[in-house]
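# Overview (structure and organization)
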Amino acid sequence: MTTTQPPRTPLGSLPPREHLRLGQIATVLDVVVPVYNEERDLEPCVRRLHEHLARTFPYGFRITIADNASTDRTPEVAALLDDEIDEVTAVRLEQKGRGRALRTVWSHSEAPVLAYMDVDLSTDLNALLPLVAPLISGHSDLAIGSRLSRSARVVRGPKREFISRTYNLILRGSLAARFSDAQCGFKAIRGDVAARLLPMIEDTGWFFDTEMLVLAERAGLRIHEVPVDWVDDPESTVQLVRTAADDLKGVWRVGRALATGGLPLDRLARPFGDDPRDRELSGVPGGLARQLVGFCAVGGLSTLLYLALYSLFRLGVGPQLANAGALLVSALANTAANRRLTFGVRGRDRALRHQAQGLVVFAIGLALTSGSLAALDAAGGEASHGTELAVLVAANLAATVLRFLLFRAWVFPDRERPDDVGAPQPHATPEHNDLTRSAR
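Given the structure is predicted, the values throughout are model-derived calculations rather than measurements.

### A few points about the overall build of the chain
Check the secondary structure of the chain and you find twelve helices and ten strands. Classification of the 440 residues of the chain by burial places 47% in the buried group. Summarising the internal contacts of the chain: among those between residues at least 6 apart in sequence, 81% fall at separations of at least 24. For the chain, the exposed area adds up to about 21,400 Å²; of that, 59% sits on carbon and sulfur atoms.

As C-alpha cells, this is what we get:
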C-alpha cells in the first residue's frame, strides 16, 4: 500500500523533552536497515536483529527494510521477510542513497523513536538498548554509536582507522563538531526532532549522518554517545575515495551555510527553561553580566585574529592598509559571533542589517586605531613592530568598550533578542511520492 504525506510540522521551537508514555504507544521503536544489492546478507541480518529485539527490547518495535533501488534479488528477500515476520516491513525506493532512504522512511514513521543500522551488523547489538534508552526517557534528542570512544572495542584495518579519525578531525577543525564519530552506522533520533530536522538536511548519501549531527549540535540539541564494539566488514562495497570526496563537499556546503546564517536552526531550539543552565541561580551572572562575559570571550578571540591578520598583511603593505584589512575581517567575524553567542540572535532574520550596523561600528574602531597609528607616526622616528602592536591593543580596548555599548543599545537591542525572532517556514518533506510499502 502507499502511505500518505505526514502533516506539516507546526512552527515554533520544539516542546520540552518528556518521558514517552509507553503504555499508549504500540510501536515505540522503528529500526531502519537501508540496503542496496544485499541479497546475501539481508535475511540473516534481519532475522538476527528481530531475535535480539524480541528477546531484549521491552516495548513494541518494527524493523523496516529500506531498499533503495537494488538491482539483484534484494526486493524479493525483503518481501519474503515482510510476509513471514509481523514486525518486519519492506519499503522500496527507486533512487539510490542511504540518506534518501533514511529520510523517506523516518518521515513517514509514526514511531516516537527512530533508529538505523547497517546491514552487516558490524556493531554489537547489545548497544541498541543503551542507544535508544535516553531518547525514551526524555534525556536526549539524538544518540550515536561511537567507535572512537575510549571504552569502544574496534577491530578494523589501518586504512579505515586512519580515514575515520582524519575525517572526524576535519569536522572538529572546520565545523567545530564535538561529537566523536560521525559515520558509525548505528544512530537513533526522537521522532519529534526528526520531523523538524529532516527537511533541513540536503544530502541524500553518506554525508547525511554528518549533516544531521552538525545541525542538531549547532541548534543546541543533546546528542548521547554510546561506546560500541565494532568489527569491520572486509567485504564492504563502500567506495572510500568517492565517499570521502562527497563528504568534503558536504563539509564545505554546511560550513558556508552556517557562516552566512543560511539555516533556520531556531526551529530546532528547545524552549527557554528546558535546559537547567537557563535557570536563574544566585551567584550566576545573567543579563548584562552574562553578556559581558560572552562579549569579552568573543572579543579576546577577535583580538587574536586581528593581530594575526595585521602581522600577516604587514608583510606586504603599509600599517594603515594592514590595519584596515585586518580590522574589517575580524569585525565581520566579531559581529557574527556576538550576534549568536553574546546576544542570542539566531536564524537569518536581519542578519545582513546586523552586519551593516556592525560595519558602522567597525568604522568607528578603524578611526580610533588609524588615528593612533597616525599619532605614532607623527611622534617622529620609525616605530618598531612591537610598538605598533602595543598602540593598536590600547586603541582596540577603547574601541571595544564603545563597540559593546553600540551592540547592546543599537545593533542588538532587547526587542531583537530571541523572543522576537520569527521561525522560518518549514520545507516540504522530500521523496514522499516514491515511498511504497509491500502489501501484506
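### Structural notes on the pairing of strand β1 (residues 29-35)
Extensive coverage of β1 is indicated by the burial of seven of its seven residues. Side chains Leu-29, Val-31, Val-33 and Val-35 project from β1 onto one buried face, and the interleaved Asp-30, Val-32 and Pro-34 project onto a second face that is buried too. When β1 meets strand β2 (residues 61-68), the two strands line up parallel, connected through seven bridges. Its bridge partner lying in β2, Val-35 is registered against Asp-67. Regarding the hand of the β-α-β motif, the stretch spanning β1, helix α1 (residues 42-56) and β2 is right-handed. Pairing analysis gives four bridges linking β1 to strand β4 (residues 113-117), with the strands arranged parallel.

### Examining unusual backbone geometry
In the Ramachandran plot, Leu-121 falls in the positive-phi region, its phi being about 50° despite a non-glycine side chain. Examined against the element boundaries, Leu-121 turns out to sit in the loop between β4 and α4 (128-137). With a phi angle near 55°, Ala-176 is a residue other than glycine that sits in the positive phi range. Assessed through its relative accessible area of 43%, Ala-176 is described here as partly exposed.

### Describing the side chain of Asn-323
Mapped onto the fold, Asn-323 is located in helix α10 (residues 319-342). Reaching out from Asn-323, the side chain makes a polar contact with the side chain of Tyr-306 at a distance of 2.4 Å.

### Section: the pattern of salt bridges
Enumeration over the complete set of coordinates arrives at 21 salt bridges. Here Asp-41 and Arg-40 are joined by a salt bridge, their closest N and O atoms 3.5 Å apart. Residue Arg-40 is classed as exposed on the basis of its relative accessible area of 58%. Put simply, Arg-98, Asp-118, Lys-187 and Asp-209 are held in one network by salt bridges that share partners.

### Re the packing of aromatic side chains
Applying the stated criterion across every chain, the model contains nine aromatic pairs. Taking the centre distance of 5.7 Å and the plane angle of 85° together, the rings of Phe-57 and Tyr-59 count as edge-to-face. Its relative accessible area of 32% is what places Tyr-59 among the partly exposed residues. Where Phe-343 meets Phe-412, the ring centres are 5.0 Å apart and the plane angle is 25°; that geometry is what we call stacked. With Phe-343 in the loop between α10 and α11 (351-378) and Phe-412 in the loop between α12 (385-411) and β10 (436-437), the pair connects residues that are 69 residues apart, well separated along the chain.

### Details of the packing of α10 against α11
For any two helices packed against each other, one specifies the crossing angle of their axes together with the interaxial distance. Two elements in contact, α10 and α11, have axes whose closest approach is 9 Å; the angle formed by their N-to-C orientations is 145°. Seen from above, α10 lies across α11 with right-handed handedness. The segment α10 lies against α11, with Pro-319, Gln-320, Asn-323, Ala-324, Leu-327, Leu-328, Ala-331, Leu-332, Thr-335, Ala-336 and Arg-339 engaging Ala-351, His-354, Gln-355, Gly-358, Leu-359, Phe-362, Gly-365, Leu-366, Thr-369, Ser-370, Leu-373 and Ala-374. Split by residue class, the contact of α10 with α11 holds 13 nonpolar, nine polar and one charged.

### What about a nonpolar patch on the surface?
A grouping of Val-360, Ile-364, Leu-368, Leu-402 and Trp-410 is seen on the molecular surface, where their side chains present a nonpolar patch of about 380 Å² in accessible area. Those elements that provide at least two residues to the nonpolar patch are α11 and α12. The dominant element in the nonpolar patch, judged by the number of residues it contributes, is α11, at three residues. Relative to the helices and strands, Val-360 resides in helix α11. What makes Val-360 partly exposed here is its relative accessible area of 42%.

### As for the environment of Arg-98
If you trace the backbone, Arg-98 turns up in helix α3 (residues 98-108). When the C-alpha atoms of Arg-98 and Val-33 are compared, they prove to be 9.6 Å apart, with 65 residues separating the residues in sequence. A distance of 3.5 Å separates the side chain of Arg-98 from the backbone oxygen of Trp-206, its partner in a polar contact. Among the polar contacts made by the side chain of Arg-98, one reaches the side chain of Asp-209 at a distance of 2.6 Å.

### Here we look at the nonpolar core
By size, the foremost hydrophobic cluster in this structure holds 44 residues, and its most contacted members are Trp-106, Leu-142, Phe-179, Ile-189 and Leu-197. When contributions to this core are tallied by element, the ones reaching two or more residues are β3 (88-93), α3, β4, β5 (142-146), α5 (158-175), α6 (191-197), α7 (208-218) and α8 (240-259). Top contributing element to this core by residue count: α7, with six residues. Residues in contact with Leu-197, not counting those within four places in the same chain, are Leu-142, Ile-189, Met-212, Leu-215, Ala-216 and Leu-268. Residues Val-35, Leu-128, Phe-186 and Ala-188 belong to the second largest nonpolar core, which totals 41 residues.

### Quick notes on the packing of α3 against α7
In contact at an axis separation of 8 Å, α3 and α7 are set at 55° when each is read in the N-to-C sense. In terms of axis orientation, α3 runs oblique to α7. Within the contact between the two elements, α3 uses Arg-98, Gly-99, Leu-102, Arg-103 and Trp-106 and α7 uses Phe-208, Asp-209 and Met-212. Residue classes in the contact of α3 with α7 are distributed as four nonpolar, one polar and three charged.

Definitions and limits used
- Residues numbered from 1 in each chain as written.
- Predicted model: local features only at pLDDT ≥ 70, side-chain atom pairs only at ≥ 80, totals over all residues.
- Heavy atoms only, no water.
- Helix = DSSP H or I, 4+ residues; strand = E, 2+ residues; numbered from the N terminus.
- Buried < 20%, exposed > 50% of the residue type's maximum accessible area, 1.4 Å probe, protein only.
- Contact = heavy atoms within 4.5 Å.
- Areas by Shrake-Rupley, 256 points an atom, 1.4 Å probe, with all protein chains shown as cover.
- Pairing = 2+ DSSP bridges.
- Right-handed = clockwise from strand over helix to strand, strands pointing away.
- Polar contact = N/O pair within 3.5 Å; in protein donor to acceptor, adjacent residues only side chain to side chain.
- Salt bridge = Lys/Arg side-chain N within 4 Å of Asp/Glu carboxyl O.
- Phe/Tyr/Trp six-rings, centres within 6.5 Å; stacked < 30°, edge-to-face > 60°.
- Axes fitted to C-alpha atoms, helices over the stretch in contact; angles between N-to-C directions.
- Left-handed = near helix turned anticlockwise from the far one by under 90°.
- Nonpolar A, V, L, I, M, F, W, Y, C, P; charged D, E, K, R; others polar.
- Patch = residues over 30% accessible without salt bridge, like charges linked within 9 Å, V, L, I, M, F, W, Y side chains within 5 Å.
- Core = buried A, V, L, I, M, F, W, Y, C linked by side-chain atoms within 4.5 Å.
- Parallel < 35°, antiparallel > 145°, perpendicular 65-115°, else oblique.

Geometric descriptors of this kind do not, in isolation, establish any biological role.
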